[in-house]
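Chains, contacts and geometry: an overview
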Amino acid sequence: MHINKNGIRIHDKGSFMGMRNAGNLAANILDTIGELVVPGKSTEEIDIAINKIIEKANAKSATIGYRGYKHASCISLNHVVCHGIPSTKIIKNGDIINIDVTVIVDGWYGDTSRMYAVGALNRKAERLIKITHDALFKGIEKVKPGNTFGDIGNAIQTYVEANRMSVVKDFCGHGLGTVFHAPPNVLHYGAKGTGPVLEEGMFFTIEPMVNIGKPETKILSDGWTAVTRDKSLSAQFEHSLAVTADGFEIFTLSPSNKFYPTII
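Some words on the packing of helix 3 (residues 123–140) against helix 4 (residues 149–162)
In contact at an axis separation of 8 Å, helix 3 and helix 4 are set at 150° when each is read in the N-to-C sense. If you check the angle between helix 3 and helix 4, you find them roughly antiparallel. Handedness of the helix 3/helix 4 crossing: right-handed. Residues Ile131, Asp134, Ala135, Lys138 and Gly139 of helix 3 form the contact with helix 4, whose own contacting residues are Ile152, Ala155, Ile156, Tyr159 and Val160.

Details of the pattern of salt bridges
What the rule picks out here adds up to 6 salt bridges. Lys13 is the partner of Glu200 in a salt bridge, and the nearest nitrogen-oxygen pair spans 3.0 Å. Here Glu200 is found in the loop between strand 10 (182–186) and strand 11 (203–206), whereas its partner Lys13 is found in the loop between strand 2 (9–10) and helix 1 (16–32), with 187 residues between them in sequence.

Details of the sheet that holds strand 12 (residues 209–211)
If you trace the 3 strands from one edge of the open sheet to the other, you get 8-12-15, paired in antiparallel fashion. Each of the sheet's edge strands pairs with one partner strand only, and the pair in question is strand 8 (166–167) and strand 15 (234–236). In this structure, strand 12 lies alongside strand 15, joined through 3 bridges in antiparallel fashion. Bridge pairing in strand 15 places Val210 opposite Ala235.

Regarding the nonpolar core
In this structure, Ile33, Val37, Ile50, Ile97 and Ile99 are the most contacted members of the largest nonpolar core, which totals 34 residues. Only helix 1, helix 2 (43–56), strand 4 (74–77), strand 6 (96–105) and strand 7 (108–117) provide two or more residues apiece to this core. The dominant element in this core, judged by the number of residues it contributes, is helix 1, at 7 residues. The contacts of Ile99, once residues within four sequence positions are left out, are Leu30, Ile33, Val37, Ile46, Ile50, Ser73, Cys74, Ile75, Thr112, Ser113, Arg114 and Tyr116.

Brief notes about the sheet that holds strand 5 (residues 80–82)
Pairing is antiparallel across the open sheet formed by 3 strands, whose spatial order is 5-14-13. Each edge of the open sheet carries a strand with a single partner, namely strand 5 and strand 13 (217–219). Taken pair by pair, the neighbouring strands of this sheet meet at an average axis angle of 40°, ignoring direction. Where strand 13 and strand 14 (residues 226–228) come together, 3 bridges link them in antiparallel fashion. Residue pairing across strands places Lys218 opposite Val227, the latter belonging to strand 14.

What counts and how
The numbers attached to residues start from 1 for each chain and follow its sequence in the written order. Residue-level local features of this predicted model are given only where pLDDT is at least 70; pairs of side-chain atoms are given and counted only at 80 or more, and the full residue set underlies all totals for whole chains, interfaces and linings. To obtain the side-chain values, all non-hydrogen atoms of the structure were used and water was disregarded. All axes are obtained by fitting lines to C-alpha atoms, using only the stretch in contact for helices, and the reported angles, taken between N-to-C directions, cover 0 to 180 degrees. Starting at the N terminus, helices and strands are each numbered in turn, a helix being any DSSP run of H or I of at least four residues and a strand any DSSP run of E of at least two. These descriptions rest on fixed angle ranges, namely under 35 degrees for roughly parallel, over 145 for roughly antiparallel, 65 to 115 for roughly perpendicular, and the rest for oblique. Crossing handedness is read from the near helix: turned anticlockwise from the far helix by less than a right angle, it gives a left-handed crossing, and turned clockwise, a right-handed one. The criterion used for residue contact is that any of the two residues' heavy atoms lie within 4.5 Å. A pair is scored as a salt bridge if a Lys or Arg side-chain nitrogen falls within 4 Å of a carboxyl oxygen belonging to Asp or Glu. Note: two strands are recorded as paired if DSSP finds a minimum of 2 bridges between them. In these notes, a set of buried Ala, Val, Leu, Ile, Met, Phe, Trp, Tyr and Cys residues joined through side-chain atoms within 4.5 Å is what counts as a nonpolar core. Each residue is assigned to one of three classes by its accessible area relative to the maximum for its type, calculated with a 1.4 Å probe on protein chains only: buried under 20%, partly exposed between the two thresholds, exposed over 50%.

The structure is reproduced here in structure tokens:
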């Protein structure tokens, strides 16, 4: 590994297996706990189940103890944009939920989040989830050597705004590997051709947050929970990935093809 002129870590091919293992565990966890995302369950119960899976795998949660955080996941309901704290809050029919998990496997970090639909959704919520999911992949499609991080952000922003929704600008993706957060900041908006150039061996997350309403957010008094200022619904999807010689490799693909929620 070396660090380029922009302070971004460039990993060798031997580093890919560590990221595959960490990403696979994180994705497996989100596959497994889907059956708990049902009316009557608390978000705390889901978090406890996540922590048990991590411990059984002889891995570590990256979030427990991170800046004083006490949970193995962030669980964000409805108008919560990100960093929702697991609690006794009960899930109900019609909720949309993002669950975000980061694990450490042999020193490597796997970070992913996805949406879950609880029962029957209204049309707006269903459409928000689809647009957010597709926006992530619009960004991923731009990942190849020679493109820029601005190309990724522009693809996401253009698609979201064409669908009359807004991209949250207060949070971004990030580099990772043997650290949780590292350069670069991966913005989900911007202009083509701007920002650092993508190079083979870069590892980072892309994790767009999309609001039905306006993009502005605020942090609640707990210091973590970010919500939409206008209380409109918000959704997010996240993958960890690498730049390869001719494109990209996603480390957090769902082993059971459950990344996109089945909406009843």
